[in-house]
Amino acid sequence: MFLQTWLLPIVILVTTTVLAFPLSRYLSWIMNGEYRPAGLFSWFEKRLDSGPQNWKQYTASMIIFNTVLFVFGFAVLYLQPWMPLNGDGKGMLAPTTIFHTVISFMTNTDLQHYSGDVAFSNFSQIFFGLTNFFLSASIGFCGLTAIVRAFRSDKHVGNFFIDMWRVVAYMFIPISLIVGVVFLQQGCPMTYRSSYHVATLEAAAMGLDSNNQPKTQAIVEGPLAAFIPMKQLGTNGGGFYGMNSAHPYENPTALTNFLSCVAMMLFPFALVLMFGRMLKRFNHSLVIFSVMMFLMIGTIVWAVYFDTLKPNPGLVAQPVARSYEIPSATAPGGKLTVTLPAVAGLPVDQHLGNLEGKEMRFGTSAGSTFAALTVDVTDGAVNCEHDSLNPIAALSPMVGMWLNCIYGGKGVGMINMLLYVIIGIFVAGQMVGRTPEYLGKKIGTREVKLAVISLLIHPLMILFPTGLFAATDWGMKAVSNPGAHGFSQIFYQFSSASANNGSAFDGLGVSWGLLANASAAPMARAWDIATGLVIIISRFIPIIAPIAMAGYLGAKKTAPFGLGTLRDDTTTFGCLMVATILIIGALLFLPIAALGPFAEHLGPIPFGG
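Anyway, here's the lowdown on the structure attached to this text. (Residues numbered from 1 in each chain as written. Predicted model: local features only at pLDDT ≥ 70, side-chain atom pairs only at ≥ 80, totals over all residues. Heavy atoms only, no water.)

1. Things to note about the packing of helix H13 (residues 412-432) against helix H17 (residues 524-554)
For the pair H13 and H17, interaxial distance at closest approach is 10 Å and the crossing angle is 55°. On the basis of the axis angle, H13 is oblique to H17. H17 is crossed by H13, and the crossing has left-handed handedness. Seen from H13, the contacting residues are Val412, Ile415, Asn416, Leu419 and Ile422; seen from H17, they are Arg539, Pro542, Ile543, Pro546, Met549 and Leu553. (Axes fitted to C-alpha atoms, helices over the stretch in contact; angles between N-to-C directions. Helix = DSSP H or I, 4+ residues; strand = E, 2+ residues; numbered from the N terminus. Parallel < 35°, antiparallel > 145°, perpendicular 65-115°, else oblique. Left-handed = near helix turned anticlockwise from the far one by under 90°. Contact = heavy atoms within 4.5 Å.)

Take a look at the structure:
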């Protein structure tokens, strides 16, 4: 049972860690500009280089680039009905869905309020989806690199456009090509054909047409082997299909499932180590890496223990009928009476734990392991239904999104961790009565204010809209379950949006999809607009403010190391970081956890009582 449950997460973590060390050396070599581009690459870089930039110019270039990316993405989706590679004649998405989708993909969030195989043509999948996979994935990478140069007190923080080129051309393209070949060999489709229409094994399983003949089944396909590698390597997570990585075309075998996990973790792991190599403080990055690994192991163990090793309480016998009143904004008097009939235990063997919503091709613990990993690195791809996790197990992906610094996305996770570093050092300095320092620089009021602003944007963008939607029809008419689970669906969606994650409790009705959709979710427009705004605010303020913080900190003189200086490469520093992260996270999000997963786990429907 141990091997069956724990071998997969152990092998994934060990493999990714082993690969991250040499990759971090390569990343440092590239981003330090120590390579010599040859031929066409050199010619192109010289024409792309607009000169060295300070942090303000670098940030401005980033904003301008993303503005252009938004306009381009909106045009591609708006013009979808008239573009090629649309063999199934897919129409235009609803305008609010286009707005939400473009923001979601350009910010590396990929929270999808549609099903890709239903709403997207192959042209949109390639020129919108795949293009954003490469470009949006590079933004946080570039931001971290600029911060490192600022911390080193370099005269400039580089050139944004050259950094983007380096990330895409020398890192993402060659590695995604290697991963793509493996996926292709494992059975992942690679075609420009939109769909195949085949007869079903059971005659008339799809119904009869107007001529009383059996209808064929439409099997949607496309360039999956090119699409999936950057979906994972770029921690994008947006699915070609609505089923995402549970679909056998996106994730054909146990090997591709393993490779998907390693791929989405590879760059987040390596970037933490690259941070130390570029600063020439590798031991400091090892401490941060260890703190992140400790937290990641915690989320994996929690998810696996409470989901893979625990039964689904909904299948347990309830010998006595019970009635409960729960708050409901749509019920008369504000309360809804729910009656649970007496039921016999279902004849389901639950020694393998909660199997609802799981894809069993990959093993019993694969779903809960993937659920923890995909939020820890803000990937958002799923190979199981998070809405079907046992309530207390679902706390694991929620915590990963709330903390938002357990490796995180490429560069952004390390940037978020730096905020906790600054706050932790500042608090420690106040406790001992010494001016706080980081990397030999005195931390002043301005740096702390920027760190706090960046840190507080995240909970504000979760808690405020959650409260608003939970109190109005926008949320109450979208949830598919009453009580605590419905509340969890609401705040999971905003947590995913604010963390730039992209996973969801898919029981929530948020999809409009194609403009001609006759059965669109009634509150879809409100969810499109609200989560779109949350995504864009939570993406750029936590990148821009830390770049400014690093710019101001790096401009200061380096203070000499003394006996009272807090060393940043010790176990003590690691413990300080763990305590800072957990205490701040608990203070910010414990109340909302109590109203959601804890209340459902302890409450009467159907888990407690």
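2. A closer look at the packing of aromatic side chains
Considering all chains together, one arrives at 40 aromatic pairs under this definition. The interplanar angle of 10° and the centroid separation of 5.2 Å between the aromatic rings of tryptophan 402 and phenylalanine 589 together place this pair among those described as stacked. Of this pair, tryptophan 402 sits in helix H12 (residues 395-403) while phenylalanine 589 is found in helix H18 (residues 571-602), placing the two residues 187 residues apart along the sequence. The pair formed by tryptophan 402 and phenylalanine 589 is uniform in burial state, with each residue classed as buried. Through successive ring pairs, a cluster of aromatic residues spans Phe105, Tyr114, Phe120, Phe128, Phe133, Phe227, Phe240, Tyr241 and Tyr249. (Phe/Tyr/Trp six-rings, centres within 6.5 Å; stacked < 30°, edge-to-face > 60°. Buried < 20%, exposed > 50% of the residue type's maximum accessible area, 1.4 Å probe, protein only.)

3. Quick look at the pattern of salt bridges
For the coordinates displayed, the defined rule picks out 12 salt bridges. With a closest N to O distance of 3.4 Å, aspartate 88 and lysine 90 form a salt bridge. For aspartate 88, a relative accessible area of 33% translates into the label partly exposed. The partner of lysine 477 in a salt bridge is aspartate 473, with the nearest N and O atoms 3.7 Å apart. For lysine 477, a relative accessible area of 47% gives the class partly exposed. We classify aspartate 473 as partly exposed; its relative accessible area is 36%. By sharing partners, the salt bridges in this structure join Arg149, Asp163 and Arg166 into a single network. (Salt bridge = Lys/Arg side-chain N within 4 Å of Asp/Glu carboxyl O.)

4. Concerning helix H8 (residues 224-233)
For an α-helix, 3.6 residues make a turn, and residues three or four places apart therefore share a direction. Among the 10 residues in H8, nine count as buried, and that is most of the element. Within the span of H8, buried status applies to Leu224, Ala225, Phe227, Ile228, Pro229, Met230, Lys231, Gln232 and Leu233. Backbone geometry just downstream of H8 places threonine 235 in the positive-phi region, at approximately 45°.

5. Quick notes on a nonpolar patch on the surface
On the surface, Ile453, Ile529, Leu533, Ile537 and Ile541 cluster together to form a nonpolar patch covering roughly 380 Å² of accessible area. Take the nonpolar patch: its biggest share by element is four residues, from H17. Its place among the elements puts isoleucine 453 in helix H14 (residues 445-470). (Patch = residues over 30% accessible without salt bridge, like charges linked within 9 Å, V, L, I, M, F, W, Y side chains within 5 Å. Areas by Shrake-Rupley, 256 points an atom, 1.4 Å probe, with all protein chains shown as cover.)

6. Overview of the packing of helix H10 (residues 282-308) against helix H11 (residues 366-376)
Their axes nearest at 8 Å, the elements H10 and H11 cross at an angle of 150°. In terms of orientation, H10 lies roughly antiparallel with respect to H11. Considering the relative orientation of H10 and H11, their crossing is right-handed. On H11, the residues touching Met296, Thr299, Ile300, Ala303, Val304, Asp307 and Thr308 of H10 are Ser368, Thr369, Ala372, Leu373 and Asp376. The class makeup of the residues in the contact of H10 with H11 is six nonpolar, four polar and two charged. (Nonpolar A, V, L, I, M, F, W, Y, C, P; charged D, E, K, R; others polar.)

7. Quick notes on the nonpolar core
Side chains that are nonpolar tend, in soluble globular proteins, to be buried together. Formed by 130 residues in total, the largest nonpolar core has its most connected members in Phe141, Phe151, Met296, Tyr407, Met417 and Tyr438. Apart from residues no more than four positions distant in its own chain, tyrosine 438 is found in contact with Phe151, Phe275, His284, Leu418, Val421, Ile422, Ile425, Ile443, Leu553 and Asp568. Residues Val479, Phe494, Leu508 and Met523 belong to the second largest nonpolar core, which totals 19 residues. (Core = buried A, V, L, I, M, F, W, Y, C linked by side-chain atoms within 4.5 Å.)

8. With respect to the environment of alanine 169
If you trace the backbone, alanine 169 turns up in helix H7 (residues 160-185). Among the residues examined, alanine 169 registers a relative accessible area of 14% and is labelled buried. Expressed as a C-alpha distance, the spacing of alanine 169 and glycine 532, which sit 363 residues apart in the sequence, is 29 Å.

9. Things to note about the side chain of asparagine 500
One can find asparagine 500 in the loop between helix H16 (483-498) and H17. On the accessibility criterion, asparagine 500 (7% relative accessible area) is buried. Within polar-contact distance, the side chain of asparagine 500 engages the side chain of threonine 109 at 2.8 Å. In contact with asparagine 500, not counting residues within four places along its chain, are Thr107, Asn108, Thr109, Thr378, Ile535, Ser538 and Arg539. (Polar contact = N/O pair within 3.5 Å; in protein donor to acceptor, adjacent residues only side chain to side chain.)

10. Here we look at the side chain of threonine 5
Along the chain, threonine 5 turns up in helix H1 (residues 2-31). Residues within four places of threonine 5 in sequence aside, it is in contact with Val304, Thr308, Leu309 and Ser365.

11. Some points on unusual backbone geometry
Phi at lysine 280 is positive, roughly 60°, even though this residue is not glycine. Looking at where lysine 280 falls in the secondary structure, it is placed in the loop between helix H9 (254-279) and H10. By relative accessible area, lysine 280 is classed as exposed at 76%. Even without a glycine there, the phi angle at asparagine 500 is positive, about 55°.

12. Focus: empty space enclosed by the protein
Evaluation of the coordinates by the stated rule reveals four cavities of 30 Å³ or more. Quantified by volume, the largest cavity comes out at close to 140 Å³. At the level of elements, H12, H13, H14, H17 and H18 are the ones that each hand at least two residues to the lining of the largest cavity. Among the elements that take part in the lining of the largest cavity, H14 stands out by supplying five residues, more than any other. Taken together, 17 residues form the lining of the second largest cavity, with Thr378, Gly409, Val412, Asn500 and Arg539 sitting closest to its centre. Taken together, the elements giving at least two residues each to the lining of the second largest cavity come down to helix H6 (122-151) and H13. By residue class, the composition of the lining of the second largest cavity is three nonpolar, 12 polar and two charged. (1 Å grid on protein atoms, 1.4 Å probe; cavity = no way out; pocket = protein on both sides within 12 Å on 5 of 7 lines; lining within 4 Å. Points joined across faces, edges and corners; volume = space filled by probe spheres on them.)

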